[in-house]
Amino acid sequence: MTTAAAKLSVLFVCLGNICRSPTAHGVFATLVEKSGYSELISVDSAGTGDWHLDHAPDKRTTQVAASKGYDLSTLRARLVTSADFAQFDYIIAMDNANLKDLREMQPQGYAGHLGLFLDFSEQSAVEEVPDPYYGGEEGFEQVFVHSRGLSVTPLGGGSNIVLAGDIAGLVIRVDLRGVSHRVEGAFVDVTFAAGEGWHDQVQQCLQQGWYGLENLSLIPGNMGAAAIQNIGAYGVELADLFVSLRAIDKQSGELLEFDKAACEFGYRDSLFKNAGRDRYIIVDICLRLSTLAQINVQYPALQTVIDQRRDSGAEITPELVGAMVCQIRSSKLPDPSVVPNAGSFFKNPIIPQGQAIELSRQYPQMPRYPQANGDSKVPAGWLIEHCGLKGAVRGPVGVHQQQALVLVNSGGGTGAQLLALAEEVRLAVLQRFVIDLDIEPRVYGG
Ligand SMILES: Cc1cc2nc3c(=O)[nH]c(=O)nc-3n(C[C@H](O)[C@H](O)[C@H](O)COP(=O)(O)OP(=O)(O)OC[C@H]3O[C@@H](n4cnc5c(N)ncnc54)[C@H](O)[C@@H]3O)c2cc1C
């Protein structure tokens, strides 16, 4: 036990000391430090089981904590021992099983506090922090919610999420509206509030004579979410036009500005899917468009229809490109308001050069798109189709008949059924092509 001159000491205990107790440890230690009580309060964590001794916290735990600004990377799992009762004033168990184990170890006369973690929470409706280890990602969020308080999840149009369970905490629909612009020579910097609809704004910009967005016509969703995955289609991606965005840091409440480099855009990827995941609420984005017509029809399917139009004497304008993109998309992709779907369910994988060459030898008809670093991007739809899964039906869910990259829910299907199909697809592609597909939409509660 600590003495008056020493610190008050707190030990968080769960089963393996790699998910729940390190989260509580990291969050509480940070609060103690921020409050200036580091000299007075010491914090530690341990497990009642020894499976993970000396291991860092589970990767999912570390990621969720990092997304909220907590660094758990230096923590290492250890076993709780009877000596801890001599050292710690508070020994706090995550669930009743942990508490039972601790009570069995508790020496007679222990004068500290041994109890459940959530006994300290006035808000919690539950008694125990559930062990997330064998569950989905959402369990790790839940641990965090319990450890830190309410989590806030912003949504835009909801077109790129899969709900396999409830979203922990508070969900807000970001419905900020407004568009402003500033002309700079032949360019116009347009700032869109996060709640403006993407396609509506593409149309508005074309009407204003502001060009560059037409290849991205008809992508569902809102302006704010466009930056989350750096949306792209028909040879253009958001990053090509991006200037900056403003976002609220949920940790500090500050309004921050991110330029293009800070957003770390990649293929269907950004800071907001990695280190900044779940940390920010985007309030607006600024894109640089051109007042001069920009025509980009390098994408083969678009090039073909534009060539046909050119051959029949049509003038090739950005408006025509936008209209053709809408036409192609409508003919290839199911309308989510008619056949529920989240668009491309998997990212197109990027594979190393050696593997691409070997696969091309085996499957000469396999399309592949060389990248600047020598890797190749391969269409996930082609891989799925060549596993014989195009049009596959599994009860109410299935792989779309015309577009193997799209999973559909014909009505009444659950998130769990959809994810089971996604796993079947993933395993089939892995077995046949040794390529591991990544899911593109954000899965909650899976
Ligand atoms: C039929 C169909 C076709 C599609 N085609 C394409 C395509 O061609 N190219 C492409 O790239 N994508 C495509 N998508 C995917 C989708 O349109 C995009 O990902 C879009 O940006 C999602 O916008 P949303 O507003 O619906 O986001 P939501 O589904 O509401 O949210 C997606 C994620 O972004 C987060 N988020 C939303 N708003 C904010 C905010 N303001 N601040 C912080 N986080 C936020 C949410 O928390 C969630 O994790 C398609 C989807 C469908 C259904």
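Scroll up to find the structure.
Structural notes, computed from the coordinates. Note that the coordinates shown come from a computational prediction; the quantities given were computed from them, not determined experimentally. (Residues numbered from 1 in each chain as written. Predicted model: local features only at pLDDT ≥ 70, side-chain atom pairs only at ≥ 80, totals over all residues.)

Describing the sheet that holds strand E17 (residues 369-370)
Taken together, the three strands give an open sheet; going across it, the order is E16-E18-E17, and neighbouring strands pair in antiparallel fashion. With one partner strand each, in any of the chains shown, strand E16 (350-351) and E17 form the two edges of the open sheet. Across two bridges, the pairing between E16 and strand E18 (residues 376-377) is antiparallel. Its bridge partner being in E18, Ile351 is matched across the sheet by Ser376. (Pairing = 2+ DSSP bridges. Helix = DSSP H or I, 4+ residues; strand = E, 2+ residues; numbered from the N terminus.)

Focus on the site of the ligand
In the vicinity of the ligand lie 32 residues, with Gly156, Gly157, Gly221, Gly224 and Gly343 positioned nearest. The set of elements that each furnish at least two residues to the shell around the ligand consists of strand E5 (152-155), helix H7 (223-226), strand E10 (232-233), strand E14 (280-290) and strand E15 (341-344). In terms of residue class, the shell around the ligand is built from 18 nonpolar, 13 polar and one charged. Each of two domains, domain 2 (179-329) and domain 3 (338-444), supplies a minimum of three residues to the shell around the ligand. (Near = placed C-beta within 6 Å. Nonpolar A, V, L, I, M, F, W, Y, C, P; charged D, E, K, R; others polar. Domains from an automatic or database assignment.)

Regarding the packing of helix H9 (residues 300-311) against helix H10 (residues 318-332)
For the pair H9 and H10, the least separation of the axes is 10 Å and the interaxial angle reads 120°. Overall, the two elements H9 and H10 adopt an arrangement that is oblique. Seen along the crossing, H9 lies across H10 with a hand that is right-handed. Contacts from Ala301, Leu302, Val305, Ile306 and Arg309 of H9 reach H10 at Leu320, Val321, Met324, Val325 and Ile328. (Axes fitted to C-alpha atoms, helices over the stretch in contact; angles between N-to-C directions. Parallel < 35°, antiparallel > 145°, perpendicular 65-115°, else oblique. Left-handed = near helix turned anticlockwise from the far one by under 90°. Contact = placed C-beta atoms within 7 Å.)

Remarks on the pairing of strand E13 (residues 255-259)
As paired strands, strand E12 (residues 242-249) and E13 are joined by five bridges and run antiparallel to one another. Residue pairing across strands places Ile248 opposite Leu255, the latter belonging to E13. With antiparallel pairing between neighbouring strands as the criterion, E12 and E13 make up a hairpin whose turn holds five residues, including Gly253 at a positive phi of roughly 80°.

A few points about the pairing of strand E1 (residues 8-14)
In terms of burial, E1 is largely enclosed, as five of its seven residues are buried. Here E1 runs beside strand E2 (residues 41-47); their pairing, made up of seven bridges, is parallel. Across the sheet, Phe12 pairs through a bridge with Ser45, a residue of E2. As paired elements, E1 and strand E3 (residues 90-93) share four bridges and run parallel to each other. Each residue of the ladder has a partner; that of Val13, found in E3, is Ala93. (Buried ≥ 20, exposed ≤ 12 C-beta atoms within 10 Å, placed from the backbone.)

Topic: helix H4 (residues 96-105)
Inspection of H4 places Asn98, Leu99 and Leu102 among the buried residues, and these make up the whole buried set. Burial along H4 is one-sided: seen end-on, the buried residues are contained in an arc of 100°. Residues of H4 that are exposed and point over 90 degrees away from its buried face: Asn96, Lys100, Arg103 and Glu104. The secondary structure elements touched by the buried residues of H4 are E1, E3 and strand E4 (113-116). (Arc of directions from axis to C-beta.)

In short, the description is geometric, and any link to function would need to be established separately.
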